[in-house]
Amino acid sequence: MLVTVLGRYSPYAPAGGACPGFLVQSGGVNLMLDGGNGTVSRLQQQVAAADLTAVLVSHLHPDHTADLHSLQYLMAHQAPDREPLPVYAPDVANPDRHWLEPTSFGARWIRLLPLPVDEGIAFGHVRVFFARTDHPEPCWAMRITDGSRTLVYTADTGTGVDLAPFAAGADLLIAESTFVAANGQRRKGHMLAAEAADLARRAGVKRLLLTHFSPHTPIAEAEAEARAVFPAAEAAVELRTYLV
Ligand SMILES: [Zn+2]
Ligand SMILES: [Zn+2]
């Protein structure tokens, strides 16, 4: 299984960066996780529109969805003959979900569906499970397995929900690490780098990728803070592909 970082920043990206998005690939299955500002452009550098299997949206905050409205046009122009692209998003009463609805033009290419948070979902040999996180907007972490390797993505979360059982034993944990302890910033529903590392340590994962950085978070400090708790930690690098 491969995962490519399309964007790692929130709530806005610094020059040249992008907000959260990941491409997960295994044996012909290509899943996009979240679609923040700047990610759809980068997606096209990694996979053909016709080969995208589905999009999974963790929650409806705009830093995770802003680019997804344009998918209908991407599909119409670059994959006009394909089946509609399934976009799975939490079925919650948030008017921002409307942003993901295709227009009458785009309905031929996009099918907006509820994120199957209770039962999980399979795309061929790739199975995805969900767990509710600690975040002001209803948000779900994802556990993705292809039968041999397992990736867990926390999406946005604070420490009010213990995701360690859900992430247990993963080959790679991608955990949000919006702030570092040193600069004194903290916001409810987000983690410090040391908290992401503590989650990795308790879950017994093999490796940790830190992501969802504030543009004002010093990334080297985030890595150092995390490594003091969990040595196999590193900052996610945009447009880098990782072997899970
Ligand atoms: Zn959020
Ligand atoms: Zn976010």
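Residues numbered from 1 in each chain as written. Chains lettered and ligands numbered in written order. Predicted model: local features only at pLDDT ≥ 70, side-chain atom pairs only at ≥ 80, totals over all residues. Heavy atoms only, no water.

Turning our eyes to something else, we now look at helix 2 (residues 71-78). Considered for burial, the residues of helix 2 that qualify are Leu71, Gln72, Leu74, Met75 and Ala76. In this structure, the buried side of helix 2 is in contact with helix 1 (39-43), strand 4 (54-56), strand 5 (85-89) and strand 6 (110-114). (Buried < 20%, exposed > 50% of the residue type's maximum accessible area, 1.4 Å probe, protein only. Helix = DSSP H or I, 4+ residues; strand = E, 2+ residues; numbered from the N terminus. Contact = heavy atoms within 4.5 Å.)

Here we take up the coordination of the zinc ion (ligand 1). Each protein donor to the zinc ion (ligand 1) is listed here as His59 (NE2), His61 (ND1), His135 (NE2) and Asp156 (OD); together their distances run 2.1 to 2.4 Å. Each of the four donor atoms around the zinc ion (ligand 1) contributes to a set of angles spanning 90 to 170 degrees, which defines the coordination as irregular. Counting residues between consecutive donors of the zinc ion (ligand 1) along the chain gives the motif H-x1-H-x73-H-x20-D. The two metals, the zinc ion (ligand 1) and the zinc ion (ligand 2), are separated by 3.4 Å and share Asp156 as a common coordinating residue. (Donors = N, O, S within 2.8 Å, 3.2 Å for Na, K, Ca; no water. Tetrahedral: all angles 85-135°; square planar, octahedral: opposite > 155°, others 65-115°.)

Quick look at the packing of helix 4 (residues 193-203) against helix 5 (residues 219-227) now. One way to put it is that helix 4 packs onto helix 5 with a least axis distance of 8 Å and a crossing angle of 40 degrees. Between helix 4 and helix 5, the interaxial angle falls into the category oblique. Classified by chirality, the crossing of helix 5 by helix 4 is right-handed. Packed against helix 4, whose contacting residues are Ala193, Ala194 and Ala197, the element helix 5 presents Ala222, Glu225 and Ala226 at the interface. Classifying every residue of the contact of helix 4 with helix 5 by side-chain character gives five nonpolar, no polar and one charged. (Axes fitted to C-alpha atoms, helices over the stretch in contact; angles between N-to-C directions. Parallel < 35°, antiparallel > 145°, perpendicular 65-115°, else oblique. Left-handed = near helix turned anticlockwise from the far one by under 90°. Nonpolar A, V, L, I, M, F, W, Y, C, P; charged D, E, K, R; others polar.)

Attention now goes to the coordination of the zinc ion (ligand 2). When a metal carries six donors in an octahedron, the ideal angles between them are 90 or 180 degrees, while four donors in a tetrahedron ideally lie at 109.5 degrees. Distances from the zinc ion (ligand 2) to its protein donors, Asp63 (OD), His64 (NE2), Asp156 (OD) and His212 (NE2), fall within 2.1 to 2.2 Å. Relative to the metal, the four donor atoms surrounding the zinc ion (ligand 2) lie at angles of 92 to 160 degrees, and the coordination shape comes out irregular. The motif formed by the donor residues of the zinc ion (ligand 2), counted along the single chain, is D-H-x91-D-x55-H. Asp156 gets classed as buried once you look at its relative accessible area, which sits at 1%.

Considering all chains together, one arrives at eight salt bridges under this definition. Between Asp198 and Arg201 there is a salt bridge; the shortest N-O distance is 2.5 Å. With Asp198 and Arg201 both in helix 4 and three residues apart, the pair spans about one turn of that helix. Among the ionic pairs, Glu234 bridges to Arg207, the shortest N-O distance being 3.0 Å. With a gap of 27 residues between them, Glu234 in strand 13 (residues 233-235) and Arg207 in strand 12 (residues 207-211) connect regions that are remote in the sequence. (Salt bridge = Lys/Arg side-chain N within 4 Å of Asp/Glu carboxyl O.)

With that settled, the discussion passes to the packing of aromatic side chains. Summed over all chains, the structure comprises four aromatic pairs. Three or more aromatic residues link up through ring pairs in this structure, and these residues are Tyr73, Phe105 and Trp109. In this structure, Arg132 is placed above the aromatic ring of Trp140, and the distance from its NZ or CZ to the ring centre is 5.2 Å. (Phe/Tyr/Trp six-rings, centres within 6.5 Å; stacked < 30°, edge-to-face > 60°. Lys NZ or Arg CZ within 6 Å of the ring centre and 35° of its normal.)

UniProt marks residues 18-212 with the feature "domain: Metallo-beta-lactamase" (unreviewed entry), using the numbering shown here. Helix makes up 14% of residues 18-212 and strand 28%. Its end C-alpha atoms lie 10 Å apart. (UniProt positions renumbered as here; feature names shortened; annotations may be inferred.)

Take Thr133: it is sitting in the loop between strand 8 (126-132) and strand 9 (140-145). A distance of 2.7 Å separates a polar atom in the side chain of Thr133 from the backbone oxygen of Asp156. Not counting the four nearest positions on each side in its chain, Thr133 is found in contact with Cys139, Trp140, Ala141, Thr154, Asp156, Thr157, Val161 and Leu163. (Polar contact = N/O pair within 3.5 Å; in protein donor to acceptor, adjacent residues only side chain to side chain.)

The next point concerns the sheet that holds strand 1 (residues 2-7). As summarised here, the arrangement of the seven strands in space is 6-5-4-3-2-1-14, forming an open sheet in which the pairing is mixed. Only two strands of the sheet have a single neighbouring strand rather than two, namely strand 6 and strand 14 (241-243). Neighbouring strand axes in the sheet, compared pairwise and without regard to direction, differ in orientation by 20 degrees on average. As paired strands, strand 1 and strand 2 (residues 21-26) are joined by five bridges and run antiparallel to one another. Note on strand 2: the bridge partner recorded for Val5 is Phe22. (Pairing = 2+ DSSP bridges.)

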